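Given next are the chains, with one letter for each unit.
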Amino acid sequence: MLQEAIREIQRGSAEIIDSQRIEKLLKAYFEEGKNYTVKAGFDPTAPDLHLGHTVLLQKLATFQKYGAKIQFLIGDFTAQIGDPTGKSATRKTLSAVEILENAKSYEEQVFKILDPLKTEVVFNSEWINPLGASGMLTLTTTFNVARMLERDDFDKRYKSQTPIAISEFIYPLLQGYDSVHLKSDIEIGGTDQKFNLLMGRHLQRAYEIGKEQAVLMMPILEGLDGVQKMSKSLGNYIGVADAPNDMFAKVLSVSDELMWRYYELLSTKTLSEIEVLKAGVAEGSLHPKRVKEDLALEITARFHSLEVANAAKEEFERVHAKNEIPTEMEEFSVDGEISITKALVDCGLTPSTSQARRDIKQGAAKINQEKISDEQLQLGNGEYILQIGKRKFAKLKVNA
RNA sequence: GGUGAGUUAGUCAAGUGGCCAACGACGGCGGACUGUAAAUCCGCUCCCUCCGGGUUCGGUGGUUCGAAUCCACCACUCACCA
């Protein structure tokens, strides 16, 4: 049992610092029922979460399973500085109201994964504001510039003579101080957070709180393309707020290789269960598509419901396996006869009439499931189901 | 402040007076094959209802029958020097 817990905690992690300490905490939990705290920090800017973000949350949920109390920290104070990523996008400061709103929408999304009873949501302005100038000064005496410059992006910027604001040095210190105040046993974060996470250890030692947090870093999740990190701007993401049908379809469109990665980082299946699946696929007794469907179902159900997820699966089968049309699609209506190319543009199936013509020429366009080839076709009175490619549909009503 | 190099479609990148709506690569889209996987093969990839036409190559103006290509000025980026 303990061994399994350790394996599940380590699962998918990129790096663990002081894993012995984690093992000790787990042991204390299993043998004496002792709880411990795991801290994770989040930005208070508008949370538009995608699966990449949930990798951390998933790990926190695993910790909860094994006796952890989560310190879900919203960095409302530190957000005023902005983590020094070097991109130096001056941050707009959020009002107290905005921060509260964002925190609320975090909770809505986050508690689909985390157990609210074992989660404490905290704001770091609460203890950083009272620090005052002298507290701040004390904090800065714990560290020196040379060591600060060891941080990778500071190092690069210093060498390339790109400006570094003094306030940026404060950021890691404050993040570390959060761990002092919260007396965290463990902190988790992305690999890019290594320096800041280690600062927590350093400061806990400096402030002599009698413990040094262990650190667990999770890798960055790859996006749908399997190469670049999942991000909204790259358009290769699965948003936690995505519609069930989209979510299901997106997971299923992932490559087989990436599927295992997603299993490791996102599924609640245990490692041994996953091993069984892998073995089944390897020896050919289990079809990879089946395995992927299970994953898609699990993920869709997590953010919607099992019922809805099952419906999404059926819909998917209907549209793609059986080549039928979806049960629901966007509906449009126009008055008067309309040419097919214009109709396709108006329904948003195609970005321009030129593109519409090309699509028709290539046999990608269908009306009521019939392939069309006449790009000058006029649509008269009636209802039509327009289709481009395999996945773009729209219903058009012409009143002529 | 000085000197030099550069700015081309979603990205990278050819093109240095007409054959340029502009090579190529990547990405994207469509088709075939499939498990809407991967791999592979084929086609498309500025806009306009076809013929054909229109608007593009940092911006503005100019030279020319004709400019992405030449000239002038402006803007921005990078490198070296101060």
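What counts, and where the lines are drawn
Residues numbered from 1 in each chain as written. Chains lettered and ligands numbered in written order. Predicted model: local features only at pLDDT ≥ 70, side-chain atom pairs only at ≥ 80, totals over all residues. Heavy atoms only, no water. Near = heavy atom within 4 Å. Polar contact = N/O pair within 3.5 Å; in protein donor to acceptor, adjacent residues only side chain to side chain. Helix = DSSP H or I, 4+ residues; strand = E, 2+ residues; numbered from the N terminus. Nonpolar A, V, L, I, M, F, W, Y, C, P; charged D, E, K, R; others polar. Contact = heavy atoms within 4.5 Å. Pairing = 2+ DSSP bridges. Axes fitted to C-alpha atoms, helices over the stretch in contact; angles between N-to-C directions. Salt bridge = Lys/Arg side-chain N within 4 Å of Asp/Glu carboxyl O. Buried < 20%, exposed > 50% of the residue type's maximum accessible area, 1.4 Å probe, protein only. Expected span 1.5 Å × (residues − 1).

**Q** What am I meant to see in the protein's contact with RNA strand B here?
**A** Of all residues adjacent to RNA strand B, which total 21 residues, the nearest are D256, K292, F316, S354 and R391. Counting only the atoms of RNA strand B within 4 Å of the protein, the fraction contributed by sugar and phosphate is 53%. H320 has a polar side-chain atom sitting 2.8 Å from a base oxygen of RNA strand B. S354 is positioned such that a nitrogen or oxygen atom in its backbone is 2.7 Å from a phosphate oxygen of RNA strand B. Listed by contribution, the elements that provide at least two residues to the surface near RNA strand B are α14 (288-303), α15 (306-321) and α17 (353-361). If one sorts the elements of the surface near RNA strand B by residue count, α17 sits on top with four residues. Broken down by class, the residue content of the surface near RNA strand B amounts to five nonpolar, nine polar and seven charged.

**Q** I keep staring at the environment of L295 and nothing clicks. Help me out?
**A** Assignment of secondary structure puts L295 in helix α14. Residues within four places of L295 in sequence aside, it is in contact with V251, M259, Y262, Y263 and S267.

**Q** I'm lost on the sheet that holds strand β2 (residues 36-42) in this one. Help?
**A** The strands making up a sheet associate through backbone hydrogen bonding, with each pair oriented either parallel or antiparallel. The six strands are arranged β1-β6-β5-β2-β3-β4 in an open sheet whose pairing can be described as mixed. The sheet is open, and its two borders are formed by β1 (15-17) and β4 (119-123), each paired with just one other strand. Direction aside, the axes of adjacent strands within the sheet are offset by 20° on average. In this fold helix α9 (residues 166-182) packs onto β2, β3 (68-74), β4 and β5 (186-190), with an angle of close to 150° to the strand it touches most, β2.

**Q** Is there a simple way to think about the pattern of salt bridges in this case?
**A** Once their charged atoms are close, side chains differing in charge can pair, the charge on each being opposite to the other. Summed over the entire model, instances satisfying the criterion amount to 21 salt bridges. Of the charged contacts in the structure, one is a salt bridge between K292 and D256, with a shortest N-O distance of 2.9 Å. You can see K292 sitting in helix α14 and its partner D256 sitting in helix α12 (residues 256-266), a full 36 residues away along the chain. What makes D256 partly exposed here is its relative accessible area of 37%. Ionic pairing is found between D294 and R290, a salt bridge with its closest N-O pair at 3.9 Å. In this pair, D294 and R290 are both assigned in helix α14, four residues apart and thus about one turn of the helix distant. Within this structure, K289, R290, E293, D294 and E317 form a network of salt bridges that share partners.

**Q** Just checking my understanding: could you explain helix α3 (residues 51-65) for this structure?
**A** Compared with the 21 Å implied by 1.5 Å per residue over 15 residues, the 20 Å span of α3 between its first and last C-alpha is a close match. In terms of burial, α3 is largely enclosed, as twelve of its 15 residues are buried. Within α3, burial applies to L51, T54, V55, L56, L57, Q58, K59, L60, A61, T62, F63 and Q64. Immediately beyond the C-terminal end of α3, within one or two residues, lies G67, with a positive phi of roughly 90°.

**Q** Which parts of the structure should I look at to understand the environment of T353?
**A** Mapped onto the elements, T353 comes out in helix α17. Measuring from C-alpha to C-alpha, the distance between T353 and I340 comes to 9.3 Å, with 13 residues separating the pair along the chain. In this view, T353 contacts T341, K342 and V345; residues no more than four positions away in its chain are not counted.

**Q** Teacher, can you tell me more about the sheet that holds strand β13 (residues 392-399) here?
**A** One open sheet accounts for five strands, arranged β7-β13-β12-β9-β10; its pairing is mixed. At either margin of the open sheet sits one strand with a lone partner, and together these are β7 (331-335) and β10 (370-371). Looking at chain direction, strand β12 (residues 382-388) and β13 are connected through seven bridges and run antiparallel. Residue pairing for β13: G382 is matched across the bridge by V398.

Function-wise, these values are silent; they only describe arrangement.
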